[in-house]
Amino acid sequence: MNYKQILQDIHKEVSALKNTSEVANYIPELAKVNKDQFGIYLNNINGENFEAGDADVTFSIQSISKVFSLAMAFGSQGDTLWERMDVEPSGNPFNYLSLLEREKGIPRNPLINSGAIVVTDCLVSSLKNPKEDFLQFVRDLANDQTIDYDYEVAASEKDTGFRNYAIANLLKSFDNLHNPIEEVLDFYFHQCSIAMNCKQLSNAFFAFANRGVCMQNNTCIKPKQAKRINAIMLTCGFYDEAGEFAFEVGLPGKSGVGGGIVALLPNQYVITTWSPGLNEKGNSYYGMQALERFTTQTNSSIF
Ligand code: GLU
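The shown structure was predicted, so the numbers you read here are calculated from the model rather than taken from an experiment. (Residues numbered from 1 in each chain as written. Predicted model: local features only at pLDDT ≥ 70, side-chain atom pairs only at ≥ 80, totals over all residues. Heavy atoms only, no water.)

Draft legend 1. Region of the structure containing the overall build of the protein chain. The helix and strand inventory of the protein chain stands at 13 helices and seven strands. What you see for the protein chain is a C-alpha radius of gyration of 18 Å, in line with the 19 Å of a compact globule of 303 residues. Overall, the C-alpha framework of the protein chain stretches about 55 × 40 × 35 Å when taken along its three principal axes. Counting over 303 residues, the protein chain shows a buried share of 59%. With 25 positive and 35 negative side-chain charges, the protein chain shows a separation of 4 Å between the mean positions of the two kinds. (Helix = DSSP H or I, 4+ residues; strand = E, 2+ residues; numbered from the N terminus. Rg over C-alpha atoms; globule rule 2.2 N^0.38 Å. Buried < 20%, exposed > 50% of the residue type's maximum accessible area, 1.4 Å probe, protein only. Lys, Arg positive; Asp, Glu negative; His and termini not counted. Charge placed at Lys NZ, Arg CZ, Asp CG, Glu CD.)

Draft legend 2. Here's a closer look at the state of the cysteines. Counted under the stated rule, the structure contains one disulfide. Here cysteine 214 connects covalently by a disulfide to cysteine 220, the sulfurs 1.4 Å from one another. Between cysteine 122, a free cysteine, and cysteine 192, which holds the nearest cysteine sulfur, the sulfur-to-sulfur gap is 16 Å. Residue classification places cysteine 122 among the buried residues on the basis of a relative accessible area of 4%. Residue cysteine 192 is classed as buried on the basis of its relative accessible area of 2%. (Disulfide = S-S within 2.5 Å.)

Draft legend 3. A look at the packing of helix 7 (residues 162–173) against helix 8 (residues 181–193). Where helix 7 meets helix 8, the axes come as close as 11 Å, and the angle between the chain directions of the two elements is 135°. It follows that helix 7 is oblique to helix 8 by the angle criterion. The handedness of the crossing between helix 7 and helix 8 comes out as right-handed. On helix 8, the residues touching Asn164, Tyr165, Ala168, Asn169 and Lys172 of helix 7 are Ile181, Glu182, Leu185, Tyr188 and Phe189. Residues that form the contact of helix 7 with helix 8 fall into these classes: six nonpolar, two polar and two charged. (Axes fitted to C-alpha atoms, helices over the stretch in contact; angles between N-to-C directions. Parallel < 35°, antiparallel > 145°, perpendicular 65-115°, else oblique. Left-handed = near helix turned anticlockwise from the far one by under 90°. Contact = heavy atoms within 4.5 Å. Nonpolar A, V, L, I, M, F, W, Y, C, P; charged D, E, K, R; others polar.)

Draft legend 4. Region of the structure containing the site of the ligand. Around the ligand, the structure places Tyr26, Gln62, Ser63, Phe94, Asn113, Glu157, Asn164, Tyr188, Cys192, Tyr239, Gly256 and Val257. A distance of 2.6 Å is found between a nitrogen atom of the ligand and a side-chain nitrogen or oxygen belonging to glutamine 62. Take tyrosine 188: an N or O atom from its side chain is 2.6 Å from an oxygen atom of the ligand. Considering the ligand on its own, with 300 Å² of exposed area, one finds that the protein chains cover 99% of that surface. (Near = heavy atom within 4 Å. Polar contact = N/O pair within 3.5 Å; in protein donor to acceptor, adjacent residues only side chain to side chain. Areas by Shrake-Rupley, 256 points an atom, 1.4 Å probe, with all protein chains shown as cover.)

Draft legend 5. Here's a closer look at the pairing of strand 7 (residues 269–274). Among the six residues of strand 7, six are classified as buried, and the element is accordingly described as predominantly covered. Burial of strand 7 is two-sided: the residues Tyr269, Ile271 and Thr273 facing one way and the residues Val270, Thr272 and Trp274 facing the other way are all buried. Two elements, strand 1 (residues 39–44) and strand 7, share six bridges in a ladder whose sense is antiparallel. The partner of asparagine 44 across the bridge, within strand 7, is tyrosine 269. The sheet contact formed by strand 6 (residues 260–265) and strand 7 spans six bridges and is antiparallel. By the bridge assignment for strand 7, leucine 264 is matched with valine 270. Hairpin connection of strand 6 to strand 7: three residues between the antiparallel strands, including asparagine 267 at a positive phi of 70°. (Pairing = 2+ DSSP bridges.)

Draft legend 6. Summary view of the environment of tryptophan 274. Its location among the elements puts tryptophan 274 in strand 7. The sequence separation of tryptophan 274 and alanine 73 amounts to 201 residues, and the corresponding C-alpha distance is 26 Å.

Draft legend 7. Representation of the packing of aromatic side chains in the model. Going through the model one piece at a time under the given rule, you end up with 14 aromatic pairs. Their ring planes at 45° and their centres at 5.5 Å tell us that tyrosine 3 and phenylalanine 50 sit as a pair that is tilted. Within this pair, whereas tyrosine 3 is found in helix 1 (residues 3–15), its partner phenylalanine 50 is found in strand 2 (residues 49–53), the two being separated by 47 residues in sequence. Pair check on accessibility: tyrosine 3 and phenylalanine 50 agree, each one buried. Measuring from ring centre to ring centre gives 5.9 Å for phenylalanine 134 and phenylalanine 187, while their planes differ by 80°; the resulting arrangement is edge-to-face. Residue phenylalanine 134 is located in helix 5 (residues 130–142), and its partner phenylalanine 187 is located in helix 8; the two are separated by 53 residues in the primary sequence. The exposure class assigned to phenylalanine 187 is buried, which follows from its relative accessible area of 2%. (Phe/Tyr/Trp six-rings, centres within 6.5 Å; stacked < 30°, edge-to-face > 60°.)

Draft legend 8. Spatial organisation of helix 6 (residues 151–160). Within helix 6 the residues assigned to the buried category are Val153, Ala154, Ser156 and Glu157. Angular distribution of buried residues about the axis of helix 6 spans 165°; they occupy a single face of the element. Counted as exposed and oriented over 90 degrees from the buried face of helix 6: Tyr151, Glu152 and Asp159. Those residues of helix 6 that are buried lie in contact with strand 3 (59–60), helix 7 and helix 8. Two or three places before glutamate 152, at the opening of helix 6, aspartate 150 has a side-chain oxygen 3.1 Å from that residue's backbone nitrogen. (Arc of directions from axis to C-beta.)

Laid out in structure tokens, this is it:
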């Protein structure tokens, strides 16, 4: 299969689509990003890689970081994690509050904000230096020690993160947040602010496609946990559009409001797209279009 040509053709075709999408503006720093950027990077299990467009421009990974924090917390505390959250799709936006109230402080899954904030709380309890240790985990997954937080994005979100403060307060009222709210959210905002490019993200997700074994050939994630995290990505990775993503693309993956999408076919490849213009559900418009074309043209999806 000529992946290089396929990616370049898809990039060209999708770039020509009329783009009425909008960049996320509820975090002021994200509103400054130029919408016309668009990159794709594919990384396969045999070690080959292919790219098109802005694959080496860094962007804010936002909610894609929830997969990394989940992998870290699941790795250290195992199935006890599920005493504090569920693994069901929410069918609601990522920062929705009323479901959490109705379900007595047990988040639907670890990839919506409430679940991710509980995961962050677990890491604050278990890690000596949460911010440093988490960053190191991501750097090791990606095999790239240059990856870093974007402190301006983190500060910008802290200033405007009213809904996340509301979620944290609600969790605390149900006794499902054990550490101080300020400390947990400060760590959460930093996780979301990590800046990576398509290549670094594809490399970091390699282990999820490769039964837990990273590119450096060591086991970073237990194989049975990689399997479960992939299942959660498939059912919960795309806000209230997880069904649509499975229908159109047919791969487990995760998106973020920075415009990134990472998707993978177990035992085959990881593909990352980035384009900051979002559709009305918060997923990258060009990214969804490109991934639909990719799995259709290469006839490769989990279905
Ligand atoms: N940091 C963002 C928030 O909590 C993440 C949103 C996202 O990418 O879904 O609002």
